[in-house]
Amino acid sequence: MQSPTFRPYVVLAIGILAVSSSSILILYARAQGVPAVAIAALRLTFASIVLMPIAAVRSRGEWRRLAPRDLALAFGSGILLALHFAFWISSLD
């Protein structure tokens, strides 16, 4: 039996910190006059920069096996996520 590791708890803590602090940082950016759509775009860009290397290394073979339909669905999901963030950030005004 393996001993418990703290890695999942560290990742969970970082995730909770990121999610719970996002509205505060967004409100601060809006107070500085940054447009809501720019905030949404930057938020998704930073998340992509952090997650893409992890996905590229850990799931290299899976990326190659994706069907064109699956890639299209992922692309469409990304567009809907971007719209969600743009509308949500706009709603904070």
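Before reading on, note that the structure itself is shown above.
I will try to describe carefully the structure that is included in this document. (Residues numbered from 1 in each chain as written. Predicted model: local features only at pLDDT ≥ 70, side-chain atom pairs only at ≥ 80, totals over all residues. Heavy atoms only, no water.)

In this section: the packing of helix H2 (residues 36–58) against helix H4 (residues 68–91). Across the interface, H2 lies against H4 with an axial gap of 8 Å and an inter-helix angle of 135°. Classified by the angle their axes make, H2 and H4 are oblique. For the pair H2 and H4, the sense of crossing is right-handed. Across the interface between the two elements, Ala 36, Ile 39, Ala 40, Arg 43 and Leu 44 of H2 pack against Leu 81, Ala 82, Phe 85, Ala 86, Trp 88, Ile 89 and Ser 90 of H4. Its residues placed into classes, the contact of H2 with H4 shows 10 nonpolar, 1 polar and 1 charged. (Axes fitted to C-alpha atoms, helices over the stretch in contact; angles between N-to-C directions. Helix = DSSP H or I, 4+ residues; strand = E, 2+ residues; numbered from the N terminus. Parallel < 35°, antiparallel > 145°, perpendicular 65-115°, else oblique. Left-handed = near helix turned anticlockwise from the far one by under 90°. Contact = heavy atoms within 4.5 Å. Nonpolar A, V, L, I, M, F, W, Y, C, P; charged D, E, K, R; others polar.)

As a further point, take the environment of Arg 69. Within the element layout of this structure, Arg 69 appears in helix H4. In this structure, the C-alpha to C-alpha distance between Arg 69 and Pro 53, residues 16 residues apart in sequence, is 23 Å.

Let's shift gears to the packing of helix H1 (residues 7–31) against H2. Two packed helices can be described by the angle between their axes and the distance between those axes. Packing of H1 against H2 leaves a shortest axis separation of 10 Å and a crossing angle of 140°. By the criterion of interaxial angle, the relationship of H1 to H2 is oblique. In this structure, H1 meets H2 at a crossing whose hand is right-handed. Contacts between H1 and H2 pair Ser 22, Ile 26, Ala 29 and Arg 30 from the former with Ala 36, Ile 39 and Arg 43 from the latter. Residues that form the contact of H1 with H2 fall into these classes: 4 nonpolar, 1 polar and 2 charged.

On the surface, Phe 75, Ile 79, Leu 80, Leu 83 and Phe 87 cluster together into a nonpolar patch covering about 570 Å² of accessible area. Relative to the helices and strands, Leu 80 resides in helix H4. (Patch = residues over 30% accessible without salt bridge, like charges linked within 9 Å, V, L, I, M, F, W, Y side chains within 5 Å. Areas by Shrake-Rupley, 256 points an atom, 1.4 Å probe, with all protein chains shown as cover. Salt bridge = Lys/Arg side-chain N within 4 Å of Asp/Glu carboxyl O.)

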